[in-house]
Amino acid sequence: AIGRRYNASFQQTMLRIKDPKVSVPFYERHFGMKLVHRYDFPQWKFSLYFLERPRDAAAAALPSPGTKASEAYLWSMTGTTLELTHNHGSEEDDSFSVWSGNCGSDLPAESPLFRAGVVRGFGHIAFNVEDVYAM
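(A) Looking closely at unusual backbone geometry. In this model, K45 sits at a positive phi of 60 degrees, which is unusual for a non-glycine residue. Considering the arrangement of structural elements, one finds K45 in the loop between strand 2 (34–41) and strand 3 (46–52). Note on K45: relative accessible area 57%, which makes it exposed.

In structure tokens form, the structure reads like this:
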């Protein structure tokens, strides 16, 4: 397989977010994730936040986010990260919404989820938890 030939591994999946001050603590608090590294691109008006769910012993050893050490860790770790992409200004835009992928023009036109010009694509990310209703 090509992935094995080039030593490829699953490194990240990306979600767009409205407000990192809300989203980053949400994943940390509810899913035990830790911010590994952050990139800011003010010239292009977006920021990237990379989170992982470290095992208990590894959490204490994570470098501080935003450092050269955390960047090196991000690109050499063996786990998978959740990349949260924030387009600057969306946190103040009341009309901003992310596309759930549950609606689109590939559904029958009579479906309440039909949306012209959009094709569904996003599925989901999943976390195993003991009691989803306790969240």
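(B) Broad picture of the nonpolar core. Within the largest apolar cluster, 11 residues are counted, these being L15, I17, V24, Y27, F31, M33, L35, Y49, L51, L82 and L84. For this core, the secondary-structure elements that each account for two or more residues are strand 1 (12–17), helix 2 (20–31), strand 3 and strand 4 (81–87). Here M33 is in contact with Y27, E28, L51, E52, R53, L82 and F127, once residues within four sequence places are set aside. With 5 residues, the next largest nonpolar core counts V36, Y39, L48 and L74 among its residues.

(C) Expanded view of the environment of P65. Following the sequence through the fold, P65 ends up in the loop between helix 3 (56–61) and helix 4 (68–76). By relative accessible area, P65 is classed as partly exposed at 42%. Along the primary structure P65 and M77 are separated by 12 residues, whereas in three dimensions their C-alpha atoms are 14 Å apart. Setting aside chain neighbours within four positions, we find P65 in contact with L35, V36, H37 and S70.

(D) Seen up close, helix 2. The first and last C-alpha atoms of helix 2 sit 16 Å apart over 12 residues, in line with the 16 Å expected at 1.5 Å per residue. Among the residues of helix 2, P20, S23, V24, Y27 and F31 are the ones counted as buried. Seen end-on, helix 2 carries its buried residues on one side only, within an arc spanning 95 degrees. Away from its buried face by more than 90 degrees, helix 2 exposes K21, V22 and R29. Contacts from the buried residues of helix 2 go to strand 1, strand 3 and strand 4. Backbone nitrogen of K21 and a side-chain oxygen of the N-cap are separated by 2.9 Å at the start of helix 2; the cap is D19. Of the residues flanking the end of helix 2, it is G32, one or two places downstream, whose phi is positive at about 70 degrees.

Parameters at a glance
Residues numbered from 1 in each chain as written. Predicted model: local features only at pLDDT ≥ 70, side-chain atom pairs only at ≥ 80, totals over all residues. Heavy atoms only, no water. Helix = DSSP H or I, 4+ residues; strand = E, 2+ residues; numbered from the N terminus. Buried < 20%, exposed > 50% of the residue type's maximum accessible area, 1.4 Å probe, protein only. Core = buried A, V, L, I, M, F, W, Y, C linked by side-chain atoms within 4.5 Å. Contact = heavy atoms within 4.5 Å. Expected span 1.5 Å × (residues − 1). Arc of directions from axis to C-beta. Polar contact = N/O pair within 3.5 Å; in protein donor to acceptor, adjacent residues only side chain to side chain.

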